[in-house]
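# Coordinates in review
Residue strings, one per chain:
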Amino acid sequence: MLPFAVTIVSGESPYRQVVFAATKAILAGDMPAGAPFPSVREISQALKINPNTAHKVVAELARDGLLEVL
């Protein structure tokens, strides 16, 4: 189960939709600092999106300083 809610809407980039939902959850405090973020595999399977798309999501969140990838 993902710590953020997103319903993929046709006609909009799944990548942008997931980045928006995850960013919103992080900034709202729904995901406390230090809490583990779902893996690329978990995100892609839960949302039925391409693993490369899920990887881009994680990379952007890390690049924006919202995630720390170890």
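This is a predicted model, so every value here is computed, not measured. (Residues numbered from 1 in each chain as written. Predicted model: local features only at pLDDT ≥ 70, side-chain atom pairs only at ≥ 80, totals over all residues. Heavy atoms only, no water.)

## Considering the overall build of the protein
Counting its secondary structure elements, the protein contains 3 helices and 0 strands. Written out in order from the N terminus, the α and β elements of the protein read α-α-α. Structurally, the protein occupies a C-alpha span of about 30 × 25 × 20 Å along its principal axes. Burial status across the protein gives 36% buried among its 70 residues. Considering only contacts within the protein whose residues lie at least 6 apart along the sequence, 50% involve residues at least 24 apart. Counting only carbon and sulfur atoms, one obtains 56% of the accessible surface of the protein, whose full area is about 4800 Å². Charge separation in the protein, taken as the distance between the mean sites of 6 positive and 6 negative side-chain charges, equals 7 Å. (Helix = DSSP H or I, 4+ residues; strand = E, 2+ residues; numbered from the N terminus. Buried < 20%, exposed > 50% of the residue type's maximum accessible area, 1.4 Å probe, protein only. Contact = heavy atoms within 4.5 Å. Areas by Shrake-Rupley, 256 points an atom, 1.4 Å probe, with all protein chains shown as cover. Lys, Arg positive; Asp, Glu negative; His and termini not counted. Charge placed at Lys NZ, Arg CZ, Asp CG, Glu CD.)

## Here's the deal with unusual backbone geometry
Located in the positive-phi region is Lys48, a residue other than glycine, with phi close to 55°. As for its placement among the helices and strands, Lys48 is situated in the loop between helix H2 (40-47) and helix H3 (51-63).

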